[in-house]
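Take a look at the letters that make up each chain.
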Protein chains: 2
Amino acid sequence: MKIVMLAYPGLTPLDLMGPLQAWSLWPDAEIQVVWKTDSPIPTDTGMPIVPTHRFDNCFESPDILFAPGGTKPTIDLMSDLEVMAFLKDKGAKAQWVTSVCTGALLLGAAGLLEGYKATTHWAAHSYLEAFGAIPSEGRYVIDRNRATGGGVTAGIDFGLALVAQIAGDELAKTIQLAMEYSPNPPFNSGSPAEASEETIERVKRIFAEASS
Amino acid sequence: MKIVMLAYPGLTPLDLMGPLQAWSLWPDAEIQVVWKTDSPIPTDTGMPIVPTHRFDNCFESPDILFAPGGTKPTIDLMSDLEVMAFLKDKGAKAQWVTSVCTGALLLGAAGLLEGYKATTHWAAHSYLEAFGAIPSEGRYVIDRNRATGGGVTAGIDFGLALVAQIAGDELAKTIQLAMEYSPNPPFNSGSPAEASEETIERVKRIFAEASS
């Protein structure tokens with residue numbers, strides 16, 4: 001199982017880390033975290049991560065292509081022709097084209113979600129239609145060979161679901177137990193349906209600032 | 001809020017990334033990811049991360065000290081005198097002494113859990129007593145100024161709970177919504193109480209191999 005996970009300066013690293021940690025327990029999976037160069041790249045947490053491969057030395061035809069999200073850096077990346085060409089090329093060759101959070105907007109900008117059901121971070125859901133995607137509800141959405149997760153932490157559910165889809169339920173359950181994924185959030189505030197209006201407005205302001 | 005998060009070669013990076021991503025949304029939090037050197041450090045996922053500070057230039061007296069877990073590298077670290085001295089020193093000065101997963105064993109080995117209720121990854125729970133800790137059930141356990149999370153993904157619940165404890169519920173709810181933490185695992189297999197005997201045995205074999 002050859003996996004290519006895009007990374008880029010300013011990404012939200014938990015988008016990538018959820019599925020990366022899950023997939024690292026997938027026997028025979030070879031995972032490459034790729035960017036234009038080998039150098040450490042900054043993330044929105046302040047802690048840099050290091051790509052394992054470059055665009056020019058990663059798998060030619062991955063089984064899974066994955067894109068993580070972020071705020072302004074993700075939006076900026078949609079007009080980076082080198083990145084768009086990379087996603088188009090790998091997306092055409094990959095068995096699975098996938099994302100978490102606003103990584104879906106990168107896939108969309110590369111023309112990879114046209115006619116597919118997809119999801120993204122709740123605060124960015126309304127942008128999916130601009131790329132010809134069919135905005136869909138769900139912690140993750142699988143439509144043919146497209147698999148998209150919701151915001152940030154949805155990457156864990158998404159990562160396990162894709163393992164189940166490709167390698168079977170038992171491996172996914174094993175990884176879930178190894179990661180002790182028996183979530184118990186201290187509050188019911190993880191989606192706009194659960195959160196208060198005030199909390200929603202507060203988060204919208206945070207994202208508006210982060211995107212400007 | 002001055003936060004010092006330990007990192008070390010071979011750690012399980014999602015242990016660190018859950019609370020790091022949550023706390024990066026905490027206004028006025030200054031987060032340092034620290035190790036002996038500045039160089040990129042390998043993780044058990046294959047993707048390196050980069051510490052932001054060293055033991056010798058990080059906060060003298062952090063508000064929060066945090067230790068993440070892993071498998072064999074974590075066990076080996078318990079006999080690293082420099083690391084133990086670092087944890088003892090910062091632990092004595094910190095307002096909060098915290099961990100996720102087997103990071104609790106590091107705190108324990110540094111003498112920081114003696115007489116405190118604590119938790120760790122389910123597969124390592126039986127080791128807590130050896131350090132004078134009081135093994136306790138829970139996705140996370142808060143006893144006076146000690147806060148310990150369960151395995152890997154418990155770091156997200158732990159991270160939000162600590163924000164609530166220190167800065168109040170509203171900020172924790174805001175961060176939860178920003179991270180879209182409305183978990184929906186594809187299976188009920190995240191704890192030994194939920195998983196099948198076969199799955200539990202499979203995970204125990206994986207950890208036995210990873211620890212040898």
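These remarks concern the structure in this document. Residue indices begin from 1 for each chain and proceed along its sequence in written order. Each chain gets a letter, beginning with A, and each ligand a number, beginning with 1, in the order they are written. Since the coordinates come from a predicted model, pLDDT governs what is reported: local features require at least 70, and pairs of side-chain atoms require 80 or more to be given and counted, while whole-chain, interface and lining totals use all residues. Only hydrogens and water are set aside when side-chain values are computed; all heavy atoms of the structure are taken into account.

Some details on the sheet that holds strand β1 (residues 2-6) of chain B
Residue and element names in this part refer to chain B.
Point 1. Read from one edge to the other, the open sheet built from 7 strands follows the order β3-β2-β1-β4-β5-β9-β8, with strand pairing classed as mixed. Two strands lie at the open edges of the sheet, namely β3 (53-54) and β8 (140-143), each paired on one side alone.
Point 2. In the sheet, β1 pairs with strand β2 (residues 30-35) via 5 bridges, with the strands oriented parallel. Bridge assignment links V4 to a residue of β2, and that residue is Q32.
Point 3. Sheet strands in contact with helix α3 (residues 81-93) are β1, β2, β4 (64-67) and β5 (96-100), and its direction is about 150° off that of β4.
Point 4. Where helix α5 (residues 154-167) meets the sheet, its contacts fall on β4, β5, β8 and β9 (146-149), and the angle it forms with β5 comes to roughly 160°. DSSP calls a pair of strands paired once it identifies at least 2 bridges connecting them. Helical segments are the DSSP runs of H or I of at least four residues, strand segments are the runs of E of at least two, and each set is numbered from the N terminus. In this description, contact between two residues means that some pair of their heavy atoms is separated by no more than 4.5 Å. Each axis is a line fitted through C-alpha atoms, taken for helices only over the stretch in contact, and angles between the N-to-C directions span 0 to 180 degrees.

Overview of the sheet that holds strand β2 (residues 30-35) of chain A
Residue and element names in this part refer to chain A.
Point 1. Strand order in the open sheet made by the 7 strands is β3-β2-β1-β4-β5-β9-β8, with mixed pairing throughout. Taken across any chain shown, the strands that pair with only one partner, and hence form the sheet edges, are β3 (53-54) and β8 (140-143).
Point 2. Where β2 meets β3, 2 bridges bridge the pair, whose relative direction is parallel. Each bridged residue has a counterpart across the sheet, and for V34 the counterpart in β3 is H53.

Observations concerning helix α7 (residues 197-210) of chain B
Residues and elements named next belong to chain B.
Point 1. Helices are assigned an expected span. That span is 1.5 Å times one less than the residue count. Compared with the 20 Å implied by 1.5 Å per residue over 14 residues, the 20 Å span of α7 between its first and last C-alpha is a close match.
Point 2. Three exposure classes are used, based on accessible area relative to the maximum for each residue type with a 1.4 Å probe and protein chains only: buried under 20%, partly exposed in between, and exposed over 50%. Of the positions making up α7, those classed as buried are T199, I200 and V203. Down the axis of α7, the sector holding all buried residues measures 100°, keeping them to one side. Relative to its buried face, α7 has exposed residues pointing more than 90 degrees away, namely E197, E198 and E209. Throughout, the arc means the angular range of directions from the helix axis out to the C-beta atoms.

Function cannot be read off these values alone, since they describe shape.
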